[in-house]
Amino acid sequence: MDTIERIKQQISENPILLYMKGSPKLPSCGFSSQASQALIACDEKFAYVDILQNPDIRAELPKYADWPTFPQLWIEGELIGGCDIILEMYQQGELQKLVKEVAAKHATADEK
């Protein structure tokens, strides 16, 4: 499977996915730290990919997403944006609402 196929698979299999530097518990950059903290504060499970451990994804994702920087938040296959957008949505209460709706939708789908 090539890198783009792997990225597409990760995005399709994870309703809430954060591409970041490091992990939510041990972020390796301030922007990834802020983005993951906002997601953690939403109180729902989310997946993440550490791009520092995946240099191929780090190289290819910006081209695929047409978004040059990390972190990148993907929700239901759609690129939401980077750190500034994530924090702005969180401060306005939009991120919590979106994350809760998606988590609830996928929780019911998993139970069927």
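The preceding data block contains the structure.
Remarks on the packing of helix α2 (residues 30-41) against helix α4 (residues 83-91)
Okay, step 1: Where α2 contacts α4, the axes come no closer than 9 Å and their chain directions differ by 30°. Relative to α4, α2 is oriented roughly parallel. Pair α2 / α4 crosses with left-handed handedness. Touching Phe-31, Gln-34, Ala-35, Ala-38 and Ala-41 of α2 are Cys-83, Ile-86, Leu-87 and Tyr-90, all from α4.
Okay, step 2: Residue classes in the contact of α2 with α4 are distributed as eight nonpolar, one polar and no charged.

Some remarks on the nonpolar core
Okay, step 1: The biggest cluster of nonpolar side chains holds 16 residues, and the ones touching the most others in it are Ile-16, Leu-18, Leu-39, Leu-73 and Leu-95.
Okay, step 2: For this core, the secondary-structure elements that each account for two or more residues are β1 (16-20), α2, β3 (72-75), α4 and α5 (94-111).
Okay, step 3: Those residues in contact with Leu-95 that lie beyond four places of it in its chain are Ala-38, Leu-39, Cys-42, Leu-73, Ile-86, Met-89 and Tyr-90.

Let's talk about the environment of Lys-63
Okay, step 1: For Lys-63, the position within the fold is in helix α3 (residues 55-65).
Okay, step 2: Sequence-wise, Lys-63 and Val-49 are 14 residues apart; in three dimensions their C-alpha atoms are separated by 17 Å.

Focus on the pairing of β1
Okay, step 1: In terms of burial, β1 is a largely internal element, five of the five residues being buried.
Okay, step 2: Here β1 shows two buried faces, one formed by Ile-16, Leu-18 and Met-20 and the other by Leu-17 and Tyr-19.
Okay, step 3: In this sheet, β3 lies alongside β1 in antiparallel orientation, the contact comprising four bridges. Across the sheet, residue Tyr-19 finds its bridge partner in β3, namely Gln-72.
Okay, step 4: Bridge count for β1 against strand β2 (residues 47-50) is four bridges, and the pairing is parallel.

Points about the pattern of salt bridges
Okay, step 1: Applying the stated criterion across every chain, the model contains five salt bridges.
Okay, step 2: Of the charged contacts, one joins Arg-6 and Asp-56 as a salt bridge, the two residues approaching to 2.7 Å between their closest N and O atoms. Highlighted residues: Arg-6 in helix α1 (residues 3-13) and Asp-56 in helix α3, separated in sequence by 50 residues.
Okay, step 3: Judged by relative accessible area, Asp-56 falls into the partly exposed class, the value being 28%.

Some thoughts on the packing of α1 against α3
Angle between the axes and distance between the axes: these two values describe a pair of packed helices.
Okay, step 1: At a closest axis distance of 9 Å, the pairing of α1 and α3 adopts a crossing angle of 75°. Comparing the axis directions of α1 and α3 gives the class roughly perpendicular. Of α3, the residues touching α1 (which contributes Thr-3, Ile-4, Arg-6, Ile-7, Lys-8, Gln-10 and Ile-11) are Asp-56, Ile-57, Glu-60, Leu-61 and Tyr-64.

The rules behind each value
- Residues numbered from 1 in each chain as written.
- Predicted model: local features only at pLDDT ≥ 70, side-chain atom pairs only at ≥ 80, totals over all residues.
- Heavy atoms only, no water.
- Axes fitted to C-alpha atoms, helices over the stretch in contact; angles between N-to-C directions.
- Helix = DSSP H or I, 4+ residues; strand = E, 2+ residues; numbered from the N terminus.
- Parallel < 35°, antiparallel > 145°, perpendicular 65-115°, else oblique.
- Left-handed = near helix turned anticlockwise from the far one by under 90°.
- Contact = heavy atoms within 4.5 Å.
- Nonpolar A, V, L, I, M, F, W, Y, C, P; charged D, E, K, R; others polar.
- Core = buried A, V, L, I, M, F, W, Y, C linked by side-chain atoms within 4.5 Å.
- Buried < 20%, exposed > 50% of the residue type's maximum accessible area, 1.4 Å probe, protein only.
- Pairing = 2+ DSSP bridges.
- Salt bridge = Lys/Arg side-chain N within 4 Å of Asp/Glu carboxyl O.

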